[in-house]
Amino acid sequence: MINYTEQLTVLMRDVVKRVPTLSFIDIDDVFVFGRFGRAEAEGPFATCHCLTMPPSEPGYYFWRDRRSGEITRRSEWFVTKSPTVTVNDHQVKYLISFTLPRFCDQSLGRSRKERFYRRATDAWVAKLDTVIHELYHIDPEQKGIRRIEREDGTCCAHSHGPQFLSNVAEMVSQYLDTSPQPSTYDFLKHDFDTLEALYGGVTGTSFRPFPSYPQRFQERLAEQPSCSPELTAVDVEPWREPTPRASFCDDDLHVRQFLRASSRKVTIEKRQFRAA
Ligand SMILES: [Zn+2]
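Let me begin by describing the structure that accompanies this report. It should be emphasised that the depicted structure is a prediction, and the values quoted were computed from it without experimental measurement. (Residues numbered from 1 in each chain as written. Predicted model: local features only at pLDDT ≥ 70, side-chain atom pairs only at ≥ 80, totals over all residues. Heavy atoms only, no water.)

## What to know about the overall build of the chain
When helices and strands are counted, the chain shows six helices and 16 strands. In the chain, buried positions account for 46% of the 276 residues. Expressed as a percentage of contacts within the chain between residues at least 6 apart in sequence, the contacts between residues at least 24 apart total 79%. Accessible surface for the chain amounts to roughly 15500 Å². Of this, 48% is attributable to carbon and sulfur atoms. (Helix = DSSP H or I, 4+ residues; strand = E, 2+ residues; numbered from the N terminus. Buried < 20%, exposed > 50% of the residue type's maximum accessible area, 1.4 Å probe, protein only. Contact = heavy atoms within 4.5 Å. Areas by Shrake-Rupley, 256 points an atom, 1.4 Å probe, with all protein chains shown as cover.)

## Focus: helix 3 (residues 162-177)
An ideal rise of 1.5 Å per residue puts 22 Å on 16 residues; helix 3 measures up with 22 Å between its terminal C-alpha atoms. Buried within helix 3 we find Phe164, Leu165, Asn167, Val168, Ala169, Met171, Val172 and Tyr175. Those residues of helix 3 hidden inside the fold are in contact with helix 1 (4-18), helix 2 (125-136) and helix 4 (182-185). Positioned one or two residues after helix 3, Ser179 has a phi angle of 50°, which is positive. (Expected span 1.5 Å × (residues − 1).)

## As for the pairing of strand 3 (residues 46-50)
When a strand is regular, its side chains alternate between the sheet's two faces. Across the five residues of strand 3, five count as buried, placing the element largely inside the fold. Residues Ala46, Cys48 and Cys50 of strand 3 are buried on one face, and the alternating residues Thr47 and His49, pointing to the opposite face, are buried as well. Looking at chain direction, strand 3 and strand 9 (residues 94-101) are connected through five bridges and run antiparallel. Looking at strand 9, one finds that Thr47 is bridged to Ser97. (Pairing = 2+ DSSP bridges.)

## Details of the sheet that holds strand 7 (residues 84-87)
Taken in spatial order, the three strands line up as 8-7-14 in an open sheet, and their pairing is mixed. The open sheet terminates on both sides in strands that have one partner only, identified here as strand 8 (90-91) and strand 14 (247-248). Bridge count for strand 7 against strand 14 is two bridges, and the pairing is parallel. Pairing of Val85 across the sheet is with Phe248, part of strand 14.

This is how it looks when you write it as structure tokens:
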């Protein structure tokens, strides 16, 4: 079977070597993982998740009375933090998730980047465009997501302007102009059915328990600050969120096979030896 997330990692390593704008990226700081998504369903092809965003300022939720507008209740104080992810003893700074099998069946039809790629034979370049798009989200100062930052540290398509998309299209051309080895990107040329026929299946590395993965999380402040006078008489909702996972490592990874309508854990058989 073809491990799609490993192939994408090899491709990304080659891209950052050949595209000057992305040369500041060390691919060892980036971990690629698979999420499940049907080809025919709406949703992102890939998402860049930043793990280096600093914790948020302390805050709380509050509820207002609709009529009087007065605050009636508030939560306890909390901060929003990034988890740590350590792979091969190296703490990674970004995660890039690819949605399988949806990503494999991506084409240029109806996409906003269609205007950059005019030849039908270039349909597979839509996938290369997504790979470079996600790498372009990595901020050169590694403090978050380039240009667009959400509190949850993620970004996906539809949230940036035409300049971003045309910069990505330019980098796609730059990469292809350097004549990379076709074996590095050939896997992008196949749709999901062809990959299954060629390799007997498509796998990807994922976090467990699937489909969970490391995400920004809220943590109650152990020491609750004092509130402004208008809030002192307000009811405080006790913090009920379960203690979130704050760190992940190799033990939290596993390989899954992605199918058209589902995914399943792959049991890798260990070769054993027994003397006669
Ligand atoms: Zn994006």
